[in-house]
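Remarks on the overall topology
Each chain, written out:
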Amino acid sequence: MNQIKALLLAALAWGAVSLSNTQAQVDVTLNPFNLLFGDINLGADIHINESFSIEPNIGFGSGDLSGFEYKNLPVTVFGKYYFSPKNGADRFYADAFARFVRRSFTITDETSTYAEYDKTRFGLGIGLGYKVASEKGFIFDFGFGVGRAIVDETKFSAEGEQVEASWSSAMIIAKVGLGYRFGGNRNNR
């Protein structure tokens, strides 16, 4: 699983080098809170015009915690509308999103009493956020969104037996992104 994290970081580095010479304006962000837990979450906010951008965002997490291992793969695509941009695709925005999430917890300790868990969800939602773009190109982006799962397949098994579970169809997204703006014209600020 560390290979996947290394691959995502390599893709970020390759993307940064590739974007440094482009005229397109792209804000590449990393969620610092996910890094605290050994997970990675990368976003690339691609500016369509001064007031609209599209941001694909992918994350990956895995680990082995006292008797079980977990895997987490969220993929989200945001469409953002900026109400009063100052430096192009910045400041207060509203967004719509589509989100796919795949999570699993698997028991690795035979004596454990934990239940195994497997979840696949796909949903749509809306949110609000604020992005700050500095003169030097540094980005701070935070937002919050709520949505509803359209597809929600959850499976629990305890001691080899399937257990029925009913979850809320609500989807909640909290975003914090620190990054850098590549391309575009940063000299007009």
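In the block above lies the structure referred to throughout.
Note that the coordinates shown come from a computational prediction; the quantities given were computed from them, not determined experimentally. One numbering rule holds for all chains: residues counted from 1, following each sequence as written. Totals for whole chains, interfaces and linings use every residue, but because this is a predicted model, local features are given only for residues with pLDDT of at least 70 and side-chain atom pairs only at 80 or more, for both listing and counting. Only hydrogens and water are removed before side-chain values are computed, so all heavy atoms of the structure are retained for them.

1. Some thoughts on the side chain of glutamate 55
Helical segments are the DSSP runs of H or I of at least four residues, strand segments are the runs of E of at least two, and each set is numbered from the N terminus. With respect to the helices and strands, the residue glutamate 55 is situated in strand β3 (residues 52-65). Two N or O atoms count as a polar contact when they lie within 3.5 Å, although within protein this holds only if one can serve as hydrogen donor and the other as acceptor, and sequence-adjacent residues are included solely when both atoms are side-chain atoms. Within the local environment of glutamate 55, its side chain forms a polar contact with the side chain of asparagine 57, the two groups lying 3.4 Å apart. At a separation of 2.6 Å, a polar atom in the side chain of glutamate 55 contacts the side chain of lysine 175. By definition in these notes, contact holds between two residues if any of their heavy atoms fall within 4.5 Å. In this view, glutamate 55 contacts Thr29, Gly43, Ala44, Asp45, Thr76, Val77, Phe78, Lys80, Asp141 and Lys175; residues no more than four positions away in its chain are not counted.

2. A closer look at empty space enclosed by the protein
Note on definitions: the grid is 1 Å and covers protein atoms alone; a cavity is a set of points where a 1.4 Å probe fits but cannot get out; a pocket is an open set with protein on both sides within 12 Å along at least five of seven lines; lining residues have an atom within 4 Å of a point. Grid points are joined across faces, edges and corners, and a volume is the space filled by probe spheres set on the points. The final tally for this structure, using the stated rule, is one cavity of 30 Å³ or more. The computed volume of the largest cavity comes to approximately 50 Å³. Phe78, Tyr93, Asp95, Phe97, Gly143, Phe144, Gly145, Ile173 and Lys175 are the residues that line the largest cavity. Each residue is assigned to one class: nonpolar for Ala, Val, Leu, Ile, Met, Phe, Trp, Tyr, Cys and Pro, charged for Asp, Glu, Lys and Arg, and polar for all the others, Gly among them. Looking at side-chain class alone, the lining of the largest cavity contains five nonpolar, two polar and two charged residues.

3. What to know about the packing of aromatic side chains
Ring geometry is summarised as follows: Phe, Tyr and Trp rings, the Trp one being its six-membered ring, pair when their centres sit within 6.5 Å, and such pairs are stacked at plane angles under 30 degrees, edge-to-face over 60 and tilted between the two. In this structure the tally under the stated criterion is 10 aromatic pairs. Judged by centre distance (5.2 Å) and plane angle (85°), the rings of tyrosine 81 and phenylalanine 83 are edge-to-face. Residue classification places phenylalanine 83 among the partly exposed residues on the basis of a relative accessible area of 44%. Judged by centre distance (5.3 Å) and plane angle (25°), the rings of phenylalanine 83 and phenylalanine 92 are stacked. A connected cluster of aromatic rings, assembled from ring pairs, spans Tyr70, Phe105 and Tyr117. For every residue, the accessible area (1.4 Å probe, protein chains only) is compared with the maximum for its type, and the residue is labelled buried under 20%, exposed over 50%, or partly exposed between those bounds.

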